Amino acid sequence: FRGVGVSDGAFAEGVGELDDFRAALDFMATRYPGTALWAAGVSFGSWVAMTAGARDDRVTTLISIALPSKLFDFSTVKESTKPKYLIHGERDELCPLRDVWEFYGGAAEPKELVVIDGADHLFDGHLSEVADAIEDLLSHRHLPAPRS
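This write-up is about the structure you can find in this document. (Residues numbered from 1 in each chain as written. Predicted model: local features only at pLDDT ≥ 70, side-chain atom pairs only at ≥ 80, totals over all residues. Heavy atoms only, no water.)

## Points about the environment of G3
Using the following cut-off: Each helix is a run of H or I in the DSSP string that is no shorter than four residues. Each strand is a run of E no shorter than two, and both are numbered from the N terminus. Whether a residue is buried, partly exposed or exposed follows from its accessible area with a 1.4 Å probe, protein chains only, as a fraction of its type maximum: under 20%, in between, or over 50%, in that order. Should any heavy atoms of two residues lie within 4.5 Å, those residues are counted as being in contact.
Tracing the backbone through its elements, the reader meets G3 in the segment before α1 (15–31). For G3, a relative accessible area of 41% corresponds to the partly exposed category. Every residue in contact with G3, bar those within four places of it in the chain, is listed here: D8, G9 and A10.

## Concerning the pattern of salt bridges
Short version of the rule: Salt bridges are counted wherever a side-chain nitrogen of Lys or Arg sits within 4 Å of a carboxyl oxygen of Asp or Glu.
On inspection of all chains with the given rule, the structure shows 4 salt bridges. Two residues, D19 and R22, come together in a salt bridge whose shortest N-O distance is 2.6 Å. Here D19 and its partner R22 are both found in helix α1, 3 residues apart, which amounts to about one turn of the helix. Given a relative accessible area of 40%, D19 falls into the partly exposed group. Among the residues examined, R22 registers a relative accessible area of 32% and is labelled partly exposed. Each of D26, D56 and R58 takes part in a single network of salt bridges with overlapping partners.

Structure, rendered in structure tokens:
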């Protein structure tokens, strides 16, 4: 995001970051026409990606790792009927699992929640399990068909 690491700019309270994500979607849609787009992010990035993705008809799938469900407004995501995949650490100290279960319970179908046992917010020591969960998702068992 803007202002992170070597990126130019400054944090824009989510408004600018949503604009940036939408620009990335435009770029990908132009570069790969007809390809189903996914919106995925980690923590704050999942709010940005899922919110922008829920509002964009080109996006078919919403993915979150470490969902900060109580820190940001996820109402658009909750109401979306696009597939939602959540990967969350059992011991996430910033975004408690109970809050994610509450979000999940109120979210429209289809949805899936994978809980990584013993994992914290950064998944220290559990990254291979996150990779396995993503690989399972990428196995095409759950994916909507590409648009023509």
